[in-house]
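Structural overview for review
Listed below are the residues making up each chain.
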Amino acid sequence: MFGFNSIKDYQKNLLNGQTTCVEAVSFYLASIRENAHLNAFLETYADEALQRAAALDELQKSGQPTGKLHGVVVGLKDIICYKGHELSASSKILQGFISIYNATVTERLLQEGAIIIGRQNCDEFAMGSSNENSAFGNVLNAKDNSRVPGGSSGGSAVSVQAGLCMISLGSDTGGSVRQPADFCGIVGLKPTYGRISRYGLIAYASSFDQIGIFGKTIDDVALILEVIAGADDFDSTALTSKVPEYSLNLDDSGRKYKIAYFKEALEHPGLDKEIAKSLREFIRKLTDDGHTVEPVDFELLEYVVPAYYVLTTAEASSNLSRFDGIKYGYATKKPVTSLTDFYKQTRSEGFGKEVKRRIMLGTFVLSAGYYDAYFTKAQQVRTILVERTNIIFRQYDAIISPTVPAPAFKFGEKSNDPIEMFLADIYTVFANLTGIPAISIPLFTHQSGMNFGIQVMVSREDEKTLLQLSKRFVKGS
Ligand code: GLN
């Protein structure tokens, strides 16, 4: 029976002849079928994935060089372009839309021998924290089907959690990789803004969006990052600095770190008591192990969620204006009296509730009378956050915090109260506002039976330290 621990082990088994790419793909296709109730995949590419697997097996047999991701079975959030395949952002408005090009990440995965097995359910246009906003139904947390998997990349997280593929790519604008990774007990990495090209990623809030990686181990995530990161002529915001070989030398040989945590984050009244206790114990253990761990004052914490929701909705209202029923996907069938009426009707029918809420909020904060009060103010908050963060990283190697204030909640628990849902993003949006890399590592189990992790953040472009430190945390020393 096929089993998966890490990409390295799997590729060793491929070389030894203990397994084949075809066996791996067949295994995952069967798992996806058996777990159809989780609703993690919107579509699988069974025939082509099997064909590609057979071709990769042949390539290896013939002794020709294979790519770094030879045979790695990957799922893509339904927001990343894969040429010739449907793409919907889990929205009705993109119905029937087929990608006409590959996202840069897709291209790079394929070049290194990965196999794309299907596209994964998510919150509509990546807006949400529970996957309750998909036009194609909820995704269930595999550990407890009455609980949410997190969002917006819920399908991608559950796919790794439940063993439906080896790796998933999602997107993280305010936590959509780290939060579902936390709820599903897996690793979720959001790199530095611009580290991975956004070409071929459907935009939500362009100055925040970053593609992220879900995996079972730090090493796997590091290897994927190494392949997909780097400069790209198609995305002028992609960083042009050299991509380190993230997968090499992840052992830091016992380095002692200087780590900060935000006092206000740990003392926050909304933080679950058990999560707070676990984090305190973790900090004590780090100190015992010889690291320096210190509280820093962060009185700005209460501003991060409002600033995030003002700025992202503003950007979203502009980005989503392209979905007008003419260029892509869905168009109303109802009789209309004018072009404006056609747009209105199509958008009213095509977008879901949360997306409409955000377009309206974004339009409001950008409107002439309110621009300075909301948009400009939030930009100022963002600037102050960046300055403050730079100062912290002059003194510390990393900042740690909870990833989410509470473990995976039950379906319906927060869906009637958008503010409550937004506030749960308190620990994750900071890294997107400042552009720094952040990861969620699964370290703990809550008395509710659900997993939760801790979040580690480092300064811009320092993913290597982030991965090394995370590996130390996973090893427990
Ligand atoms: N939960 C956040 C939101 O709804 C994060 C979304 C994301 O990162 N795509 O905006």
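Here, the structure is the one placed above.
We now turn to the structure provided with this report.

Reading the values: rules and limits
- Residues numbered from 1 in each chain as written.
- Predicted model: local features only at pLDDT ≥ 70, side-chain atom pairs only at ≥ 80, totals over all residues.
- Heavy atoms only, no water.
- Near = heavy atom within 4 Å.
- Polar contact = N/O pair within 3.5 Å; in protein donor to acceptor, adjacent residues only side chain to side chain.
- Areas by Shrake-Rupley, 256 points an atom, 1.4 Å probe, with all protein chains shown as cover.
- 1 Å grid on protein atoms, 1.4 Å probe; cavity = no way out; pocket = protein on both sides within 12 Å on 5 of 7 lines; lining within 4 Å.
- Sits in = over half its atoms within 2 Å of the grid points.
- Nonpolar A, V, L, I, M, F, W, Y, C, P; charged D, E, K, R; others polar.
- Helix = DSSP H or I, 4+ residues; strand = E, 2+ residues; numbered from the N terminus.
- Buried < 20%, exposed > 50% of the residue type's maximum accessible area, 1.4 Å probe, protein only.
- Pairing = 2+ DSSP bridges.
- Axes fitted to C-alpha atoms, helices over the stretch in contact; angles between N-to-C directions.
- Contact = heavy atoms within 4.5 Å.
- Parallel < 35°, antiparallel > 145°, perpendicular 65-115°, else oblique.
- Core = buried A, V, L, I, M, F, W, Y, C linked by side-chain atoms within 4.5 Å.
- Phe/Tyr/Trp six-rings, centres within 6.5 Å; stacked < 30°, edge-to-face > 60°.
- Lys NZ or Arg CZ within 6 Å of the ring centre and 35° of its normal.

Attention now moves to the site of the ligand. Taken together, 15 residues are adjacent to the ligand, and A126, T173, G174, S176 and Y308 come closest. The contact in question runs from a nitrogen atom of the ligand to an N or O atom on the side chain of S152, over 3.5 Å. For the ligand, an oxygen atom lies 3.4 Å from a polar atom in the side chain of Y309. Coverage of the ligand by the protein chains reaches 99% of its 300 Å² of free accessible surface. With respect to the detected pockets, the ligand is housed in the largest cavity. A breakdown of the residues in the shell around the ligand according to their chemical character gives five nonpolar, seven polar and three charged.

All right, on to unusual backbone geometry then. Residues G151 and S152 are joined by a peptide bond in cis, for which omega reads 5°. For S152, the location among the structural elements is in the loop between β3 (115-120) and α5 (154-161). Residues other than glycine seldom take positive phi values, yet A89 does so here, at roughly 50°. As for its placement among the helices and strands, A89 is situated in the loop between β2 (73-77) and α4 (104-111). Residue classification places A89 among the buried residues on the basis of a relative accessible area of 0%.

Across the sheet, which stays open at both edges, the 11 strands sit in the order β1-β3-β2-β4-β6-β5-β10-β11-β9-β7-β8 with mixed pairing between neighbours. Across the chains shown, the open sheet's two edge strands, defined by having one partner strand only, are β1 (41-44) and β8 (292-296). The sheet shows a mean angle of 30° between the axes of neighbouring strands, taken without regard to direction. Pairing between β1 and β3: three bridges, direction antiparallel. Its bridge partner lying in β3, T44 is registered against G118.

Take the environment of L311 next. Topologically, L311 is positioned in helix α10 (residues 301-319). Once the C-alpha coordinates of L311 and Q379 are considered, the two residues, 68 residues apart in sequence, prove to be 7.4 Å apart. Once residues lying within four places of it in the same chain are set aside, the contact partners of L311 are F208, F375, A378, Q379, R382 and L433.

A separate point is the packing of α10 against helix α12 (residues 353-366). Viewed as axis vectors pointing N to C, α10 and α12 meet at an angle of 100°, and their least axial separation amounts to 7 Å. As the angle between them shows, α10 and α12 are arranged roughly perpendicular. Packed against α10, whose contacting residues are Y309, V310, T313, A314 and S317, the element α12 presents R358, I359, L361, G362, T363, V365 and L366 at the interface.

Formed by 144 residues in total, the largest nonpolar core has its most connected members in F125, M166, L169, I400, V456 and F473. Looking at this core, the element that brings in the most residues is α10, giving 10 residues. Residues contacting M166, with those up to four places away along its chain left out, are F2, F4, Y10, A24, Y28, G71, V72, V73, V160 and G215. Counting seven residues, the second-largest nonpolar core is a separate cluster that includes V148, A408, M421 and M450.

Moving on to the packing of aromatic side chains. Applying the stated rule across the entire model yields 27 aromatic pairs. With centroids separated by 5.8 Å and ring planes inclined at 75°, the aromatic side chains of F2 and Y28 adopt a geometry described as edge-to-face. Of this pair, F2 sits in the segment before α1 (7-16) while Y28 sits in helix α2 (residues 21-34), placing them 26 residues apart in sequence. Note on F2: relative accessible area 7%, which makes it buried. An aromatic cluster is defined as three or more aromatic residues linked by ring pairs; in this entry it consists of F2, F4, Y10, F27 and Y28. Stacked on the ring of F208, the Lys or Arg R382 has its end atom at 4.0 Å from the ring centre. The ring of F409 carries the charged tip of K414 above its face, separated from the ring centre by 5.1 Å.

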